[in-house]
Each structure stands twice: as structure tokens, then as C-alpha cells.
Amino acid sequence: MSTFYHGDCLLVMQHDIPAESVDLIYLDPPFFTGKVQKGSWQPGAMEISFDDSRRFWSEQQGDMQQNSPQWMRHLALERPDFASYTFYMDRRLRECRRVLKQTGSIYLHCDWRASHYLKMVMDEIFGHKQFQNEIIWYYRGAGVPKTRFARRHDTIYFYSKSSNFRFDPDPARMPYAAATTERFSHHIGNVRGGRDYGVQTLNPKGKHPDDVWNDIQPIAPSAKARTGFPTQKPIELLERIIRTSSVEGDVVLDPFCGCGTTAIAASGLAREWIGIDIDSSPREKGKFPTAFDVIRNRSHSLFEEATYISRDLGEIAEMDGYGFEGWVNEFYRATKPSPDKGIDGIMQDGTPIQVKTYEIKYPVLSQFITDARYHPNVPQPVKRIKAVSQTGFDDGARRRKFEIETAEGIEVELVTPAEMLTIAAPS
């Protein structure tokens, strides 16, 4: 089943996507633009200021400094904003490698601002021997500067996870130039049955594709296909990548799916897809986030076939009791017993869950532990219970947690959505 996740792709890949379960990854992350992010620096922010980044790096004395490459730590001294961006991408690309199958491939779309540094990141994570192509996507348009050459291409880095990866050039082949066909036919006619080792047979399907793509143009500003997303890419670009590096039934992942072009292309080519987007634009209560709303408007059939899962704190905070309970059970892969008898969910390891939208206090935990002991579906003796509150816990709940753990040896977990959605430190 194809799935759209609303949240940070790092968290989603860590929590929701198993290792070696994806056949193809295409990602078109926000480019490093050098613009200032208003307010304090946050892990999800792609446009960050120099001062915020310098403070961010100076405060990192543990995991981030130890787990970033030496060249990135050096870069942080001179360009902390850019180092923050590359570290942001480094962590997400490492998760991309983890979820990619051994036969899988990854295409990273970037531009001149960060392409050379992102290639260093890719070489370190995937290995320079797994680099396959630096694809140049050349397009018309752009301005005509007075002091330099016009910038009219993006770069797409193509890496594989191993030397055994899928690649079929046929979907990307193009007709030979008329002059080539004529010259080849003329040469063959002159050989007349004799041997000529200098002649290469022309493939009837067309010439082998090269790493400069100039036959696909960006979507015109006035085109009906325009969604309003500034990073929208033409569907033909995604179809070429998907056709050449996957087969029907494969799983295609786009960690920065935006307006959903990858998902739409994958669905049209009979592939399963996973789309992730962190977009948290203001919206009316109960509405989907902008990214998924755009996808729904572009393709109603795609919307109907996809599962929607939220990993966004703002959206979770708006859920009612029923919705929040369902979200917690989905997050922990728990099942709701029937009748519940005071237990809202049971995890696969037998841990019972209690879910509340309000602040949990002493009496709630006392009743919860009693209900867990007598529930027919909870394995006995109880070793662990998990209480989840949408708003938090008071001191009484924390005191009851201490009493249960000390007197009865039962582990008590008090968890909020913010703690559930905390991104794990690098390992």
C-alpha cells in the first residue's frame, strides 16, 4: 500500500520504514539558498542564518560533532550555515542508504550551490565506487547575466547501494540522428559482407542514453500542470528515472515529495510509493497539510489509493480523543482490544497502553495498573505499561510512576507526542 507521511523524513525513515525495503529513492531537497530563516534555528529548517548556525555548531559538543565528517566540522568554522545544511542532508542520506535494498539506487537532485559538497557526502555514505552518473539536466530559460555564463542546469547524482543494481537503458533511449543513421547505412552498404570491426551496430530501440538530458524542459509558469510549488519538476523527468531503475511492483521513496510528482509518476508506472513531506503551512483545522492537499487535487485516484499518516506535532495536537488514540496505536503498531476494559492498545510485545487527551494524574496511573493486571489480553505478569498523554503529566503521575517501579518492579513509561517524535541521535 502506498503511503504519504506528514513529517520530517529523518524521523519517518527511522521509525516507519524498515531496513532494505525500498527499491528506488529520488530526492529533490530544498536547495541551499543562503536566505535567513526567521526565528531560532530548528532541525527541520532548510534556510538558516549565519548567526543561528554558528550558535548551533558551537552548542554541539556531543553526537553531532562526533558523527559529522572532519571536513564538515572544519567547514563549520568558516561557513556554519552551509555546514548545518550539509549535516542536515548527511543524516537523512544515511537513513536513505539504510532503507535502500542491496539492489536499489538513489538519485539526488541538486544545483550549483551545494552539488560539490553533496557529492562528498554521497561518496562517504554510499562509497565512491557506487557512484554511477552525474546527470546534467539542461533546460532553457533563466536570465542572461552580464558578468558570467547563464546557469541553465541542475545536477542529479546517481548512486547504487551495491554493484548489483537494476538499470534498464531502453526506456531512456532516443532516436539516432538522421545523419548517423544515413552514415551507418551507407557504410554497411559499402562493406558488402566484408568484415569491418570499426562499425558499431545500431540498436533498433535507439541510442544508449547519456548523462546530459536536454530533451525535458521545466514546466512553464502558465502551464495547467503548475501547482504553485517552486520546486515542481516535470513528470517526464521522474518517469525516466523510475523506468530505468525499477520494475513494476517496486517501492519508490521520495523523502521530500512536495507536490507529489514522484508519487504520481510511480503510481502511473505500477510502482508502490512512499512520499514524505514536512510542509506545515497554515491550514484550517481538520484539513490535510498543503503538500498532500496538492497531491489530492492533482490526482484523486492517487489520494484514494494512499494511506495518510501524520508525524506532525501541530496536526496531532488538533486530534480528538478517538483520533489521538488511533494515532498512538498506529505509531506503536498496537491493537485495540475489544472490549477495552481500560486498556486502549496492546503492543506486539504485550505492553498495554493507556491514552488520554488531557493531563494524566496519580489516580489515572493507579487505575491503569489495576486494569492491566486483570485484562485477559495482557500477558501476565505485567512487566511494562505505557501511558500516553496529549498534554502531559503532573507531579502526582510522576510520583505514582516511582511508586509502581520501586514497589512492584513494573516499568512505567510516561510519553507525550513530542517525545514520541523525537529524532534519534546518530549511532
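Predicted model only: the values in this text are computed from it and were never measured.

Conventions we followed
Residues numbered from 1 in each chain as written. Predicted model: local features only at pLDDT ≥ 70, side-chain atom pairs only at ≥ 80, totals over all residues. Heavy atoms only, no water. Axes fitted to C-alpha atoms, helices over the stretch in contact; angles between N-to-C directions. Helix = DSSP H or I, 4+ residues; strand = E, 2+ residues; numbered from the N terminus. Parallel < 35°, antiparallel > 145°, perpendicular 65-115°, else oblique. Contact = heavy atoms within 4.5 Å. Nonpolar A, V, L, I, M, F, W, Y, C, P; charged D, E, K, R; others polar. Salt bridge = Lys/Arg side-chain N within 4 Å of Asp/Glu carboxyl O. Buried < 20%, exposed > 50% of the residue type's maximum accessible area, 1.4 Å probe, protein only. Polar contact = N/O pair within 3.5 Å; in protein donor to acceptor, adjacent residues only side chain to side chain. Pairing = 2+ DSSP bridges. Core = buried A, V, L, I, M, F, W, Y, C linked by side-chain atoms within 4.5 Å. pLDDT = per-residue confidence, 0-100.

Here we take up the packing of helix α4 (residues 70-78) against helix α6 (residues 115-126). It is at 11 Å that the axes of α4 and α6 come closest, and there the two elements cross at 150°. Overall, the two elements α4 and α6 adopt an arrangement that is roughly antiparallel. Two secondary-structure elements touch here, α4 through Trp71, Met72 and Leu75 and α6 through Tyr117, Met120, Val121 and Glu124. Split into classes, the residues belonging to the contact of α4 with α6 amount to 6 nonpolar, no polar and 1 charged.

So, about the pattern of salt bridges. Per the counting criterion, the structure on display carries 25 salt bridges. Arg311 is the salt-bridge partner of Glu330, the closest N and O atoms lying 2.8 Å from each other. Note that Glu330 is positioned in helix α13 (residues 321-331) and Arg311 in the loop between β9 (307-310) and α12 (313-317), a separation of 19 residues in sequence. Note on Glu330: relative accessible area 29%, which makes it partly exposed. When salt bridges that share partners are traced, they join Asp23, Lys101, Arg166 and Asp250 into one network.

We now examine the side chain of Ser2. Here Ser2 is to be found in the segment before β1 (3-6). Here Trp273 takes part through its backbone nitrogen, which lies 3.0 Å from a polar atom of the side chain of Ser2. If sequence neighbours within four positions are ignored, Ser2 has contacts with Glu272, Trp273, Glu305, Ala306 and Thr307.

For the rest of this paragraph, the subject is the pairing of strand β4 (residues 131-138). For β4 and strand β5 (residues 153-160), the ladder comprises 7 bridges, and the chain directions are antiparallel. Residue pairing in the sheet places Tyr138 in a bridge with His153 of β5. Here β4 runs beside strand β6 (residues 212-213); their pairing, made up of 2 bridges, is parallel. Residue Trp137 lies in a different strand from β6, and its bridge partner there is Trp213.

Spatial strand order, β10-β11-β12-β13: 4 strands in an open sheet with mixed pairing. The sheet terminates laterally at β10 (345-346) and β13 (411-415), the two strands that pair on one side only. The pairing of strand β12 (residues 384-389) with β13 spans 5 bridges and is classified as parallel. Considered in β13, the bridge of Ala387 is made with Leu414.

Attention now goes to the sheet that holds strand β3 (residues 100-110). Strand order in the open sheet formed by 9 strands is β6-β4-β5-β3-β2-β7-β8-β1-β9, with mixed pairing between adjacent strands. The sheet is open, and its two edges are formed by β6 and β9, each paired on a single side. Two strands pair when backbone bridges link them, and strand β7 (residues 251-254) and strand β8 (residues 272-277) are joined in this way by 4 bridges, in the parallel orientation. Looking at the pairing, Val252 lines up with Trp273 of β8. Of the strands in this sheet, β3, β4 and β5 touch α6, which is tilted by about 5° from β5.

Quick look at the nonpolar core now. Within the largest apolar cluster, 39 residues are counted, with the highest numbers of intra-cluster contacts made by Ile17, Ile25, Met89, Leu93, Ile106, Leu253 and Ile276. Top element by residues in this core is helix α5 (residues 80-99). It accounts for 9 residues. Excluding residues that lie within four positions of it along the chain, Ile276 makes contacts with Tyr5, Gly7, Asp8, Cys9, Val12, Met13, Ile17, Leu253, Asp254, Pro255, Phe256 and Cys257. With 26 residues, the next largest nonpolar core counts Ile135, Ile242, Ala291 and Ile295 among its residues.

Take the confidence of the model for the protein chain next. Here the protein chain averages 85 in pLDDT, while 81% of its residues score no lower than 70. Within the model, pLDDT remains below 50 along residues 34-50, and this stretch shows 35 contacts once partners closer than five positions in the same chain are excluded. Every residue in residues 194-199 scores below 50 in pLDDT, and together they form 5 contacts with partners more than four places removed in sequence or on other chains.

Let's shift gears to the environment of Asp395. By the element assignment, Asp395 lies in helix α15 (residues 395-408). Overall, Asp395 belongs to the exposed group, its relative accessible area being 64%. Each C-alpha atom of the pair Asp395 and Ile360 lies 9.5 Å from the other, and the pair is 35 residues apart in sequence.

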